[in-house]
Amino acid sequence: SSWYQYRYLSPHDDEHPFDPQLGAHWLPVDQYTGGAEHAVMHLLYTRFWTKAMRDLGLVNFDEPMLRLRNQGIILGNNNEKMSKSKGNFVDPDPLIERYGADALRCFLMFIAPWEQGGPWNDRSIDGISRWLNRAWSLVMLEPEHGNDGQDGAVHQQAVRRATHRTIKKVGDDLERFSFNTAIAAMMEYVNDLMRLRDTAAYNTAAWQEAMHSLALVMAPFAPHLAEELWARLGGSFSVHTQTWPRYDEALLVEDQIELPVQVNGKLRDRILVAATADDATVQAVALANVKVQAALAGKTPAKVVVVPGRLVNLVVK
């Protein structure tokens, strides 16, 4: 166990510990993850072994791993470390049978910050399952409603902004091992796309980019679902051999905001307006919205309340 990372390079070599050319490419190990208890066991021994190999001229570096990250522990429902002897361990098979492996995998990443861990609580796995189903429906199902009549270019831009914002956020979080916040960002992304599916942005180049990007960013988290979505989208084999999508810095700057529009306090739809739009412009966009017009049923609002950056409320008597 003190030098397995070397032997893994050449497990069938009967003459050398490992192939020096492979070692020059793969060593030292970029990232080691494990429990803190390994510090005085495996890590101590593998560091000694590497330094001995260095002194023998077998390697030209001092440390076996470039970076160490210690993960937290998922505790049992009694807040103690899971073990068979304590009877507080969780059998994953029933959860996999009910929800699927991807849902359980994402749940374990979402349950707590990776480096902290926390007590087991499977109640929120239903929310993870719903999110995965919504992601599936985005790709596989047609919109329930038609075009809402708003400017298609505005909504296409909104789709692209949501896509590029999510690519950056999930990529940055992966580098930090912040899996729970990455999943939260993808949940928000799916919600944004569900709202924008019923607009003129649907089935445009921006929408197709969003669908492909969704499969790509989900791949490290829900590998089976992402692979299937990628295939249904006509992607080349396989989603797991693709490069990470790139984002456009210019699209990360918000020049538009989304505002809920209420009629007598009841949400009717959401509109996209320029972040610098004045109250008169916001009011005009709200009144032109198809769903808002249907809710007004031909009546003229007695009062229009625009709360800048927050909402629009139309009062009808």
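For the structure given in this document, a descriptive report is provided here. (Residues numbered from 1 in each chain as written. Predicted model: local features only at pLDDT ≥ 70, side-chain atom pairs only at ≥ 80, totals over all residues. Heavy atoms only, no water.)

A few points about the sheet that holds strand S8 (residues 311–315)
So, point 1. The mixed open sheet is built from 4 strands, whose spatial order is S6-S5-S8-S7. In this open sheet, the two strands that pair with only one neighbour each are strand S6 (266–274) and strand S7 (303–307). When the angles between neighbouring strand axes are averaged without regard to direction, this sheet yields 20°.
So, point 2. The sheet contact formed by S7 and S8 spans 5 bridges and is antiparallel. (Pairing = 2+ DSSP bridges. Helix = DSSP H or I, 4+ residues; strand = E, 2+ residues; numbered from the N terminus. Axes fitted to C-alpha atoms, helices over the stretch in contact; angles between N-to-C directions.)

Comments concerning the side chain of Ser238
So, point 1. Relative to the assigned elements, Ser238 resides in the loop between helix H10 (223–232) and strand S5 (256–263).
So, point 2. Classification of Ser238 by relative accessible area gives buried; the value is 5%.
So, point 3. Those residues in contact with Ser238 that lie beyond four places of it in its chain are Glu227 and Trp230. (Buried < 20%, exposed > 50% of the residue type's maximum accessible area, 1.4 Å probe, protein only. Contact = heavy atoms within 4.5 Å.)

Some details on the pattern of salt bridges
So, point 1. Enumeration according to the criterion identifies 13 salt bridges in this entry.
So, point 2. Note that Glu63 is salt-bridged to Arg47, the shortest N-O span being 2.7 Å. Taken together, the residues span a long stretch of sequence, with Glu63 in the loop between helix H3 (42–55) and strand S2 (68–70) and Arg47 in helix H3 at a distance of 16 residues.
So, point 3. Overall, the relative accessible area of 29% leaves Glu63 in the partly exposed class.
So, point 4. In this structure, Glu228 and Arg232 form a salt bridge, with 2.8 Å as the shortest nitrogen-oxygen distance. One end of the pair is Glu228 and the other is Arg232, both in helix H10 and 4 residues apart, which spans about a single turn.
So, point 5. The exposure class of Arg232 is partly exposed, given its relative accessible area of 47%.
So, point 6. Salt bridges linked by common partners bring Arg165, Asp192, Arg195 and Glu258 together as one network. (Salt bridge = Lys/Arg side-chain N within 4 Å of Asp/Glu carboxyl O.)

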